[in-house]
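Spelled out, the chains give:
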Amino acid sequence: MGIWFHKEEQLFQIITPNTEYCIQIADQRYVGHVYYGKRLEDPRCGYLLRTGEQPFTPSVNQREKGMFMDNFPFEYPTYGVGDYRESCLNVRTKKGYRGCELAYEDYRILENKPGLPGLPATFGKGQTLEIRCKDSVIGLAVILRYSIFDDSDAIIRSVSLENESQQPLYVEKVLSACLDMDAEEFELLTLNGSWARERCMERSPLSYGKHGVSSVRGESSHQEHPFLAVMERRGDQDRGQVYAMNFVYSGNFLAQAEKSQFNSLRMVMGIHPEGFEWVLEPGGCFTAPEIVCVYSNQGLGGMSHIFHDLYRNHLIRSPYLHTKRPVLINNWEATYFDFDSDKLLSIAKEAKKSGIEMLVMDDGWFGHRNHDDSSLGDWQVNEEKLKGGLKSLVDNVRAEGLLFGIWFEPEMISPDSKLYNDHPDWAFQLPGREGTLSRAQYVLDLSRQEVVDYAYESVASILRSADISYVKWDMNRQLSDVGSLYLDSTRQGECFHRYVLGVYQLQERLLQEFPDLLLENCSGGGARFDPGMLYYSPQIWCSDDMDPVERLTIQEGTALIYPLGTIGAHVCDCPNHTTGRTTPFATRGHVALAGTFGYELDITRISKEDREQIPGQIQLYHKYQPLIREGDYYRIGSWRETNRYDCWQVVSKDQKEALITYVQVLAEPNYHSRKLYLKGLNPQAEYRLEIEDKDALEKKSAQGKGYAACLLQLDGQVYSGRLLMQGGLLVQRMDGDFQSLLFHLVQNS
Ligand code: DGJ
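These remarks concern the structure in this document. (Residues numbered from 1 in each chain as written. Predicted model: local features only at pLDDT ≥ 70, side-chain atom pairs only at ≥ 80, totals over all residues. Heavy atoms only, no water.)

**Re the packing of helix α4 (residues 341-354) against helix α5 (residues 389-399)**
Running from N to C, α4 and α5 point in directions that differ by 15°, and their axes come no closer than 10 Å. Between α4 and α5, the angle falls in the class roughly parallel. Taken as a pair, α4 and α5 cross one another with a handedness that is right-handed. Here Ser341, Leu344, Leu345 and Ala348 of α4 come into contact with α5, specifically with Leu393, Asn396 and Val397. (Axes fitted to C-alpha atoms, helices over the stretch in contact; angles between N-to-C directions. Helix = DSSP H or I, 4+ residues; strand = E, 2+ residues; numbered from the N terminus. Parallel < 35°, antiparallel > 145°, perpendicular 65-115°, else oblique. Left-handed = near helix turned anticlockwise from the far one by under 90°. Contact = heavy atoms within 4.5 Å.)

Shown next, in the form of structure tokens:
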């Protein structure tokens, strides 16, 4: 693997362990996309650009250049000069003219993977190809960047713009990557949703025209996700070609696939151009965030493995990445705003008895915040609630033997706050227009350094004041009225991006000052679950919906791209606060185990029967967390598709161990057992099966439930990997909806 330039063929070859990406300089100036897919290892592939067939190649037939522009597979298409498909770049000159055309200038191959200024970026031992192009009419240089790592099949792309002219240039659009290819029989795969139902997978036909997802909400959003894949129509978890892109960014995005008149397909991704404009001063440089490109010919499962390993090995920096996170209990659904230090201490005491390791104090500990309509920005402890102050509470919790974590929402400002009273100009706003409230709050203008500094000090001074191990960083509204009283009129289009840069700066500073802090990002549930935030926090709150049945779909969509160890998941109380559904405590635990695992309930008030299950669940967490965190994830069955059950599996990298979680969502009448076709095992190896929560099954068996007796018989059985994968594991139908089982396979030595 590596990156090469073949001079004779004018061909760049980027080879990863299993894939290859080829680029050619065509007609001596156009940077064309030749190939992306399984390894070819043949630099004679340049004919795939079809320039030989083209009577319209500009050097041959300048008269028909337009036909060339609208058909050629560009690595980085530009607006305004004859390519009518979606462009990646649109620049306006001082005189107001738009239009840009890039000519190849030169290249370099770096023996490393550079970081990106102020932005999250993948890192590690790798190589990078930089192709430099130029529009000499307007004096704009464009650097296209492609990076690879020795141990990954992902290709990381980004773009930098440099103004080499004497005039400012106005960048109206700068996407980060384009992928032009032939439109085979592809379908589109996206992740869509809303609050409490984030990242649900959706496959749709890819017809002519433009299709995609986007956000102009100032964050990656609950609604759509900065991910897009095209996959073979007959492809599934294990089979078929998939091309995917994921944006390492947490703000507005555009992700689009376009099938054109000539049956070509163009995938693009980058910062959404709506509301965006960046002033590039002479000598100035703008770098667009990274895109992770993945090709898999082993279906969605193959794609997921590439993303998971890339993010674990080359994106998440936290010292907690490869360690067990403390089992936490969060008081949000336990108390909402109605708590004081006595209440928190009573939760901590009870939690300790069950083996819980950290208490997290959620929203409502500062200012006069007894509801969600005040005090954001006033990060002073409410001593009516926390008698004796924060340090005293933290010390008491620590004395109980628990760690302490705290909630913040540093990007926001409540109109009902001292901060707003003192600095109304610190909120984003459109002068003369009444601001749009959402959850009764405005958004701080983080394009302004003094505001970033204030937000930073608010959080940091609290962290300096007590022994705090964990921060939940929340963000509870999407951006609107995005205008800055600080930026001048030419720079209002920079607000959205500067806001995101402000968030990144804040979190970077926090990690520099508090390197041992465990940071969990959150945004009204999972509205900012994206690779950008993972660069700062090893885990992200996945959704406010903790109903285990809803979580099956949400966590399946999230795990399509992100490793299970990043997925914030808690056991909640019932009836569930979002859906009103009642589910077994054991099932809530099994589903939360496929994430960071913790509790969000009033442990002093739940039933004795539920409380007594907590120590056992925590034992399961300690037993399986390393496997869940580090292993390969396989999807066996999806509730979305089966309408009956859900099942996933995690296999250790050495294939010696596996954990299978099975959820029978609905009990079916007159049916006995189901075969689960396992994956990723060593076909030759023998595995001993262990079934978890045997006590519960034994109780059922003693009550005469035949299915429980049958399931118990599986315990201790030895199967070959081949048998379990080809023949399947036989699972009995259980009584009742929402039942779940955990199977552990350990290779016989
Ligand atoms: C939204 C989060 O997702 C919840 O977990 C909780 O922290 C609330 N915000 C608090 O306002």
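**Brief notes about the state of the cysteines**
One pass over the full model with this rule turns up 0 disulfides. Free of any disulfide, Cys200 has its nearest neighbouring cysteine sulfur in Cys542, separated by 10.0 Å. On the basis of relative accessible area, Cys542 is assigned to the buried category, the value being 0%. (Disulfide = S-S within 2.5 Å. Buried < 20%, exposed > 50% of the residue type's maximum accessible area, 1.4 Å probe, protein only.)

**Some remarks on the sheet that holds strand β3 (residues 19-26)**
Spatially, 4 strands are ordered β1-β2-β3-β4 in an open sheet, and the strand pairing comes out antiparallel. Looking at the sheet topology across the chains shown, the edges are occupied by β1 (2-6) and β4 (30-38). Taken pair by pair, the neighbouring strands of this sheet meet at an average axis angle of 15°, ignoring direction. Relative to β3, strand β2 (residues 11-15) is paired through 5 bridges, and the arrangement is antiparallel. In the strand pairing of β3, Ile14 is matched with Tyr21. (Pairing = 2+ DSSP bridges.)

**As for the side chain of Lys113**
Its location among the elements puts Lys113 in the loop between β6 (103-110) and β7 (126-135). For Lys113, the side chain forms a polar contact with the main-chain oxygen of Thr122, separated by 3.0 Å. Polar side-chain contacts of Lys113 include one of 2.5 Å to the side chain of Glu290. Leaving out residues up to four positions away in the same chain, Lys113 has contacts with Ala121, Thr122, Phe123, Gly124, Gly126, Thr128, Ser147, Phe149, Ile156 and Glu290. (Polar contact = N/O pair within 3.5 Å; in protein donor to acceptor, adjacent residues only side chain to side chain.)

**Digging into the nonpolar core**
Counting residues in hydrophobic clusters, the biggest one holds 198 residues, and the most contacted among them are Trp365, Ile406 and Tyr599. When residues no more than four places from it in sequence are discounted, the contact partners of Tyr599 are Val327, Leu328, Ile329, Asn330, Ile356, His570, Val571, Phe585, Ile614, Gln617 and Ile618. Among the nonpolar cores identified, the runner-up in size contains 30 residues, and Tyr645, Val651, Ala658 and Val731 belong to it. (Core = buried A, V, L, I, M, F, W, Y, C linked by side-chain atoms within 4.5 Å.)

**With respect to the packing of aromatic side chains**
Inspection of every chain in the model, using the stated rule, returns 40 aromatic pairs. Relative to Tyr295, the ring of Tyr243 lies with its centre 4.9 Å away and its plane at 50°, an arrangement referred to as tilted. Of this pair, Tyr243 sits in strand β15 (residues 242-247) while Tyr295 sits in strand β19 (residues 285-296), and the two are 52 residues apart along the sequence. Of the two residues, Tyr243 and Tyr295, neither departs from the other in class, the shared state being buried. With a centroid separation of 5.5 Å and an interplanar angle of 90°, the aromatic rings of Trp365 and Phe408 are classed as edge-to-face. Of this pair, Trp365 sits in the loop between β21 (358-361) and α5 while Phe408 sits in strand β22 (residues 403-408), and the two are 43 residues apart along the sequence. A relative accessible area of 0% means that Phe408 is categorised as buried. Through a chain of ring-to-ring contacts, the aromatic side chains of Tyr21, Tyr36, Tyr146, Phe186, Tyr243 and Tyr295 assemble into a single cluster. For the cation-ring pair, Arg509 lies above Tyr456, with the distance from its terminal atom to the ring centre recorded as 4.5 Å. The ring of Trp541 carries Arg551 above its face, with NZ or CZ at 4.9 Å from the centroid. (Phe/Tyr/Trp six-rings, centres within 6.5 Å; stacked < 30°, edge-to-face > 60°. Lys NZ or Arg CZ within 6 Å of the ring centre and 35° of its normal.)

**Description of empty space enclosed by the protein**
All told, the structure shown has 10 cavities of 30 Å³ or more when counted by the stated rule. There is about 110 Å³ of room inside the largest cavity. Residue classes in the lining of the largest cavity are distributed as 10 nonpolar, 1 polar and 3 charged. (1 Å grid on protein atoms, 1.4 Å probe; cavity = no way out; pocket = protein on both sides within 12 Å on 5 of 7 lines; lining within 4 Å. Points joined across faces, edges and corners; volume = space filled by probe spheres on them. Nonpolar A, V, L, I, M, F, W, Y, C, P; charged D, E, K, R; others polar.)

**A closer look at the pattern of salt bridges**
For side chains bearing opposite charge, pairing can occur when the charged atoms are close. Tallied over the full model, the rule gives 68 salt bridges. Put simply, Asp236 and Arg239 hold a salt bridge, and the shortest N to O gap is 2.7 Å. Glu457 is the partner of Arg464 in a salt bridge, and the nearest nitrogen-oxygen pair spans 3.0 Å. Taken together, the shared-partner salt bridges connect Glu556, Arg635, Arg640, Glu641 and Asp646 into one network. (Salt bridge = Lys/Arg side-chain N within 4 Å of Asp/Glu carboxyl O.)

**Some points on helix α8 (residues 495-513)**
Taking 1.5 Å per residue, 19 residues should reach 27 Å; α8 reaches 27 Å between its end C-alpha atoms and fits that length. Residues Cys495, Phe496, His497, Tyr499, Val500, Gly502, Val503, Tyr504, Leu506, Gln507, Leu510 and Leu511 constitute the buried set of α8. (Expected span 1.5 Å × (residues − 1).)

**Structural notes on the layout of surface pockets**
Of the pockets and cavities examined, the largest pocket occupies roughly 920 Å³. Taken together, 28 residues form the lining of the largest pocket, with Ala586, Gln613, Asp693, Asp695 and Ala696 sitting closest to its centre. Going through the elements one at a time, α11 (585-592), α12 (608-611), α13 (614-630), α15 (694-702) and β38 (739-747) are the ones with two or more residues in the lining of the largest pocket. It is α15 that provides the largest number of residues to the lining of the largest pocket, a total of 6 residues. Residues that form the lining of the largest pocket fall into these classes: 9 nonpolar, 9 polar and 10 charged. Its volume calculated, the second largest pocket comes out at about 600 Å³. Residue lining of the second largest pocket: 26 residues in total, with Val34, Leu48, Arg50, Met181 and Asp182 positioned closest to the centre. Those elements that place two or more of their residues in the lining of the second largest pocket are β4, β10 (169-182) and β17 (264-270). A per-element tally of the lining of the second largest pocket places β4 first, with 4 residues. In terms of residue class, the lining of the second largest pocket is built from 14 nonpolar, 6 polar and 6 charged.

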